[in-house]
Amino acid sequence: MINDQLLKSVNNLPVFPATVHRVSQVISDPDFSVDDLVNIIKYDQSITANVLRMCNSPYFGTRYKISSLREAVIYLGRTNILQIVYTAGTSRFYKRVRGYYWGATKLWEHSVGVALMSQILAKKIYSCEDSGFFTAGLLHDIGKVVLGEFVYESFQEIMHLVSRRGYSFLEAEQEIIGTNHAELGGEIASLWSFPKETRDAITYHHRPDLMEKGEDSIPWIIYLADQACMMMGIGGGVDSLAYRGLKEVVNKFNLRQRDFEKSIVLLLKDLDKAKELLDLVKNE
Amino acid sequence: MKQIVVGISDLKVSGNAGDILITYALGSCVGVAVYDPVDRVGGLLHFMLPDSSIDETKARRNPAMFADTGIPLLFKSCYKLGAVKKRMIVKIAGGASIMDDMNYFRIGQKNIIAARKIFWRNGIIIDGEDLHGNYNRTVKLNISNGKFYVKNFANLFEEL
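A quick note: this is a predicted structure, and the numbers were derived from the prediction, not measured.

### Side note on the overall build of chain B
Here's step 1: Within chain B one finds three helices and 10 strands.
Here's step 2: Each helix and strand of chain B, ordered N terminal to C terminal, gives the series β-β-β-β-β-α-α-β-α-β-β-β-β.
Here's step 3: Its C-alpha atoms give chain B a radius of gyration of 15 Å, within 12% of the compact-globule value 15 Å for 160 residues.
Here's step 4: Looking at the 160 residues of chain B, the share that counts as buried comes to 53%.
Here's step 5: Of all intrachain contacts in chain B linking residues separated by at least 6 positions in sequence, the fraction that spans at least 24 positions is 62%.

Here is the structure:
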């Protein structure tokens, strides 16, 4: 359960930019108007600036040089615009994260990595590009932003359980702090009014096997994308690879070793193309 | 001292005594450091996957991505700077894995096996290794003396 001190830290988090949710609402209408979208975005200066920084990133593969918000909305297409707006609105929370990382921007790098990898896996497994995967990937570790302070204070105790007693990092957080970054992240997403599928993906990203039966494809994809990034050391932190592997994932997706490795090759390529996304956090 | 960063799927070699080659957060990837103490030439490779046959085009463009293409290139690049095979000291680190990682996606273990096979086939002895476990390692190679350091999970560099 979440104690008072933690609750206070959660309440001190800046609110999630309403602009992002509004964009997501408007864009879900198949007949959305470009002007409506531009009018929502342009009032948030930080998001507008970030959108413009990112829209010529090779990752989004536009053939035109985009220099205005209007052009971005016209040329990028629904999925890309959503991904860009979510990225633009989310990076501000990752400026400084204590506890888990020796480098300040590592959690952002990891989060972008998981978002990109979840797209690759969703395409491979479901043949679809749903921005729900991307958003959940960006936010899966949001709990660390708050819990980091507490991990920092109890670091020796946590590491003792992990290195000597066979705990996963998640289990050690739970034992020492009384909650873990996944559960806390789900609470934060709930406060921020994210839909259930995003909240569940965050809450269960290390243990999708514990979810109730139902729509669990996003949590499993995020789980796998997260594991791939941990294995590759992408935005690697002190928790490293100290998380449980779940064998079920292989049967769930019928994924061969070769396909997993090929996806990792694609991830590295995408990370290279997505430099503008990674750099966002430095501009905050 | 000039610190030269080796990225993921990357390798760097140097014969400048002032250089330190460093690579961060190895995870399941493996870092291979080689050094010729006579010529004071060394190199560091950070390979990601065991076998280039999954993507041969990619392997041609970026051989450092895979064990079977990266390790030979690491040696050849050092030979170009004057290193001699029989004098070379070889150390490896990394190959970590997720906990309970039996039966699926054992990339760390496969990377280690791939590296061992290549060294064995080429009659090269591994002089030092720090492998397996569930944690990230950052490693660096000092070109002036060949000392190879591995950062443990307490965030301290220890010589291997």
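### A look at the side chain of Ser263(A)
Here's step 1: Assignment of secondary structure puts Ser263(A) in helix α15 (residues 257-273).
Here's step 2: Setting aside anything within four residues of it in sequence, one finds Ser263(A) in contact with Met117(A), Ile120(A), Leu121(A) and Lys124(A).

### Topic: empty space enclosed by the protein
Where empty space is left can be seen by rolling a probe of water-molecule size over the atoms.
Here's step 1: In the structure shown here, the tally under the stated rule is one cavity of 30 Å³ or more.
Here's step 2: Taken as a whole, the largest cavity encloses approximately 70 Å³ of empty space.
Here's step 3: As for the largest cavity, its lining consists of Tyr101(A), His110(A), Asp141(A), Lys144(A), Met230(A), Ile234(A), Gly235(A), Gly236(A), Gly237(A), Asp239(A), Ser240(A) and Asn136(B).
Here's step 4: Taken together, the residues of the lining of the largest cavity break down into three nonpolar, six polar and three charged.

### Considerations on the layout of surface pockets
Here's step 1: One number sums up the size of the largest pocket: a volume of about 780 Å³.
Here's step 2: Along the wall of the largest pocket there are 28 residues; nearest its centre are Glu109(A), Leu271(A), Lys275(A), Leu278(A) and Ile8(B).
Here's step 3: At the level of elements, α6 (106-126), α15 and α16 (275-283) of chain A are the ones that each hand at least two residues to the lining of the largest pocket.
Here's step 4: By residue class, the composition of the lining of the largest pocket is 12 nonpolar, seven polar and nine charged.

### What to know about the packing of aromatic side chains
Here's step 1: This structure, assessed with the given rule, holds 16 aromatic pairs over all chains.
Here's step 2: An angle of 25° between the planes, with centres 4.1 Å apart, marks the rings of Tyr64(A) and Tyr75(A) as stacked. Taken together, the positions of Tyr64(A) in the loop between α4 (45-54) and α5 (69-90) and Tyr75(A) in helix α5 put the pair 11 residues apart, joining distant regions of the chain.
Here's step 3: Considering the side-chain rings of Tyr126(A) and Phe253(A), the 6.2 Å spacing of their centres and the 90° angle between planes classify their relative orientation as edge-to-face. Taken together, the residues Tyr126(A) in helix α6 and Phe253(A) in helix α14 (residues 248-253) connect sequence positions 127 residues apart.
Here's step 4: Taking relative accessible area as the criterion, Phe253(A) reaches 8% and is therefore assigned buried.
Here's step 5: Through a chain of ring-to-ring contacts, three or more aromatic side chains come together here, namely Phe16(A), Tyr86(A), Phe93(A), Trp192(A) and Phe194(A).
Here's step 6: Here the basic side chain of Lys144(A) rests over the ring of Tyr100(A), its NZ or CZ set 4.8 Å away from the ring centre.
Here's step 7: We note Lys140(B) situated over the ring of Phe157(B); from NZ or CZ to the ring centre the distance is 4.2 Å.

### Overview of the interface of chain A and chain B
Here's step 1: Contacts between chain A and chain B engage 38 residues on the former and 33 residues on the latter.
Here's step 2: Each partner contributes to the roughly 3,000 Å² buried at the junction of chain A and chain B, and carbon and sulfur atoms together form 67% of this total.
Here's step 3: The interface formed by chain A and chain B holds 10 residue pairs in polar contact (both at pLDDT 80 or more) in total.
Here's step 4: For the side of chain A that touches chain B, a count of residues per class yields 20 nonpolar, 10 polar and eight charged.

### Comments concerning a positive patch on the surface
Here's step 1: Taken together, the side chains of Lys269(A), Lys273(A), Arg60(B) and Arg61(B) define a basic patch exposed on the protein surface.
Here's step 2: Residue assignment for the positive patch shows that the elements contributing at least two residues are α15 of chain A together with α1 (56-61) of chain B.
Here's step 3: Position of Arg60(B) relative to the elements: it lies in helix α1.
Here's step 4: Overall, the relative accessible area of 65% leaves Arg60(B) in the exposed class.

### As for the pattern of salt bridges
All names here are of chain A.
Here's step 1: Evaluation of the coordinates by the stated rule reveals 17 salt bridges over all chains.
Here's step 2: Here Lys 106 and Glu 109 are joined by a salt bridge, their closest N and O atoms 3.6 Å apart. With Lys 106 and Glu 109 both in helix α6 and three residues apart, the pair spans about one turn of that helix.
Here's step 3: Residue class for Glu 109 comes out partly exposed when judged on its relative accessible area of 24%.
Here's step 4: Among the charged side chains, a network of salt bridges with common partners joins Asp 141, Lys 144 and Asp 239.

Calculation rules
Residues numbered from 1 in each chain as written. Chains lettered and ligands numbered in written order. Predicted model: local features only at pLDDT ≥ 70, side-chain atom pairs only at ≥ 80, totals over all residues. Heavy atoms only, no water. Helix = DSSP H or I, 4+ residues; strand = E, 2+ residues; numbered from the N terminus. Rg over C-alpha atoms; globule rule 2.2 N^0.38 Å. Buried < 20%, exposed > 50% of the residue type's maximum accessible area, 1.4 Å probe, protein only. Contact = heavy atoms within 4.5 Å. 1 Å grid on protein atoms, 1.4 Å probe; cavity = no way out; pocket = protein on both sides within 12 Å on 5 of 7 lines; lining within 4 Å. Points joined across faces, edges and corners; volume = space filled by probe spheres on them. Nonpolar A, V, L, I, M, F, W, Y, C, P; charged D, E, K, R; others polar. Phe/Tyr/Trp six-rings, centres within 6.5 Å; stacked < 30°, edge-to-face > 60°. Lys NZ or Arg CZ within 6 Å of the ring centre and 35° of its normal. Buried area = accessible area lost by both parts, 1.4 Å probe. Polar contact = N/O pair within 3.5 Å; in protein donor to acceptor, adjacent residues only side chain to side chain. Patch = residues over 30% accessible without salt bridge, like charges linked within 9 Å, V, L, I, M, F, W, Y side chains within 5 Å. Areas by Shrake-Rupley, 256 points an atom, 1.4 Å probe, with all protein chains shown as cover. Salt bridge = Lys/Arg side-chain N within 4 Å of Asp/Glu carboxyl O. Lys, Arg positive; Asp, Glu negative; His and termini not counted. Charge placed at Lys NZ, Arg CZ, Asp CG, Glu CD.

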